[in-house]
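# Commentary on secondary and tertiary structure
For reference, the chains in residue letters:
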Amino acid sequence: MTRTAFHYRNGVLHAEDVPLDRLAEKAGTPCWVYSSATLEARYRAFAGAFAGLDALVCYSLKANSNQAVIATLGRLGAGVDVVSAGEMQRALAAGIPASKIVFAGIGKTEDEMVQALDAGILQFNVESEPELRLLSRVATKRRKTAPVSLRVNPDVDARTHAKIATGKKENKFGIDIAQAPAVAKLATTLPGIALQGLAVHIGSQVTDVDPYHAAFARIGDLARELNSGGHRLTRLDFGGGLGVVYDRASNSGAPPALDSYAGAVRGALARLPNGGRGTEIVLAPGRWLVAEAGILLTRVVYMKSGTAKRFAIVDAAMNDLIRPTLYEAHHPMRPVTEPASPGTEIVDVVGPVCETGDFLALDRPLPPLRDGDLLAIEVAGAYGAVMSSSYNARPLAPELLVRGDTWAVVRPRQTVESLIGLDRLPPWIKPARPKGRNRAPTKKVSRQRNNKHRRRKG
Ligand code: LLP
């Protein structure tokens, strides 16, 4: 990647060749803006690091499940890692073949298993003995064989934020490595199950390569042991989790380089007979592929000064991007108009939501801002839009995809009308009759409610 997709040109921050002030004018704020070039460059770089191996990159689409994002990566050959039937349907709808879909997650329901078996997915990552038994029953009933990898919990500390660490034995994920041989044995006796491999995922935003070496070595050793005991495991799924740079200024917590991460994977394969030749590998990166491809574009509503703090009150909030509130996450920010001088002032960047926890940055040195200025909240392509909600009756912000000098709305802004339209009045409450032209609910919504009411009564 030679240049970043988000850069100043003629004093204005651009996404590829599109000025962000133009996008804000056309699409309104807040809005998400994604760069096709960055998505493609990240995918190519990631896949390239595993050249020479029989590797399938299964994009973990929980990071960003917009159809346009999935399809952009899918066209380059990506498979996907999903954690719900909903995500599987999103992947299929975006054109990902079932043969490239891995179904992970600790709580698959019977209905989800049926859907995935009928679709013919590549692999179920099974995380417990009861899940394995249910999958066996469901597959047998449907006269199918479920391809299975056992997700093993290697008891390795990923040294990341506690809320996104998954590889310690006290975390809910995976089969305790001490119990894995017994569950593998069980898998071979259960009908409808074809045990094909092992899977591991130790956490997200991992910025240290050592935990990867430790976890992958444990998985490699376990695969070798199981195979020498008569199993025939031919696939290893190394999960995702590779971190990205959020704090550009301090460069603290810089993630390992891609090659160093790939080296940990190659190291695990080297522990297998034949140096792992004949072993398929699956990688399930989410954040690394999409985080840097996206920004959240917001506008300053008011600059407000108290005696203790100066606040930039913007039109994006915790309902749009919850990462700062939930994980104390740092997202870099730049004004869309390039600052004329290097001076900064310390501000809290906060949203309009009625919670003290509604902030996007605290005590952040930023170039002086004024009411109406546009601000780009960066490295927001992963776990941004997908985690947003309509709290405070704030409609979901639109998503735009840029490609060179063109762009498209890939999810329109939700309307308040459609939000209200999701609710139903119970039969014992009469719908309000709109009196004046400015009275809510709108005519269309009240018509829907009336129809519903009539249907119930009739
Ligand atoms: N595979 C499994 C089994 C996972 O649970 C995850 C993420 C991934 C792959 C992809 O991890 P990645 O490469 O994106 O780190 N909302 C949080 C992150 C939650 C990650 C959950 N699992 C955040 O905003 O930081």
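To be clear, the structure that these remarks concern was listed above.
Residues numbered from 1 in each chain as written. Predicted model: local features only at pLDDT ≥ 70, side-chain atom pairs only at ≥ 80, totals over all residues. Heavy atoms only, no water.

## Digging into the overall build of the chain
Stated formally: The helix and strand labels rest on DSSP assignments: H or I over at least four residues marks a helix, E over at least two residues marks a strand, and numbering proceeds from the N terminus. Burial classification: accessible surface area is computed with a 1.4 Å probe over protein chains only, and a residue below 20% of its type maximum counts as buried, one above 50% as exposed, and the rest as partly exposed. Per-residue and other accessible areas follow the Shrake-Rupley method at a 1.4 Å probe size, with only the shown protein chains counted as cover for residues.
Counting its secondary structure elements, the chain contains 13 helices and 21 strands. Each of the three principal axes of the chain carries a C-alpha extent, and together these read 75 × 70 × 40 Å. Taken across its 458 residues, the chain has 52% of its residues classed as buried. Surface summary for the chain: the accessible area is close to 20,700 Å², and the carbon and sulfur share equals 51%.

## Describing the site of the ligand
Selection rule: Near residues are defined by distance, with any heavy atom within 4 Å of the molecule or strand qualifying the residue. Pairs of N or O atoms within 3.5 Å make up the polar contacts considered here, provided that, within protein, one atom can donate a hydrogen while the other can accept it, and that residues adjacent in sequence are counted only when both atoms are side-chain atoms. Think of a 1 Å grid over just the protein atoms. A cavity is a set of points where a 1.4 Å probe fits yet cannot get out, a pocket is an open set with protein on both sides within 12 Å along at least five of seven lines, and lining residues have an atom within 4 Å of a point. Assignment to a cavity or pocket requires that more than half of a molecule's atoms be within 2 Å of the site's grid points. Charged residues are taken to be Asp, Glu, Lys and Arg, nonpolar residues to be Ala, Val, Leu, Ile, Met, Phe, Trp, Tyr, Cys and Pro, and polar residues to be all remaining types, Gly included.
Inspection of the region around the ligand gives 17 residues, with Ser 204, Gly 241, Arg 287, Arg 323 and Tyr 383 positioned closest. Gly 241 has a polar backbone atom sitting 2.8 Å from an oxygen atom of the ligand. Contact between the ligand and Arg 287: an oxygen atom at 2.7 Å from a main-chain N or O atom of the residue. Burial of the ligand by the protein amounts to 90% of the accessible area it has alone, namely 580 Å². Here the ligand occupies the largest pocket. Tallied by class, the residues present in the shell around the ligand amount to 6 nonpolar, 7 polar and 4 charged.

## Digging into the pattern of salt bridges
Worth spelling out the cut-off: Salt bridges are defined by distance alone: a side-chain nitrogen of Lys or Arg within 4 Å of a carboxyl oxygen of Asp or Glu.
Counted under the stated rule, the structure contains 23 salt bridges. The partner of Asp 118 in a salt bridge is Arg 142, and the shortest N-O contact between them spans 2.9 Å. Of this pair, Asp 118 sits in helix 5 (residues 110-119) while Arg 142 sits in the loop between helix 6 (129-141) and strand 9 (146-153), and the two are 24 residues apart along the sequence. Here the residues in one salt-bridge network are Asp 118, Arg 142 and Lys 144, joined through shared partners.

## Topic: the layout of surface pockets
Our working rule: Grid points are joined across faces, edges and corners, and a volume is the space filled by probe spheres set on the points.
By volume, the largest pocket amounts to about 720 Å³. Considering the residues around the largest pocket, the lining is formed by 38 residues, among which Lys 62, Val 83, Thr 166, Phe 173 and His 201 are closest to the centre. Contributing elements (two or more residues each) for the lining of the largest pocket: helix 10 (287-290) and helix 11 (323-327). Classifying every residue of the lining of the largest pocket gives 16 nonpolar, 11 polar and 11 charged.

Scope: geometric values only; no functional claims are made or implied.
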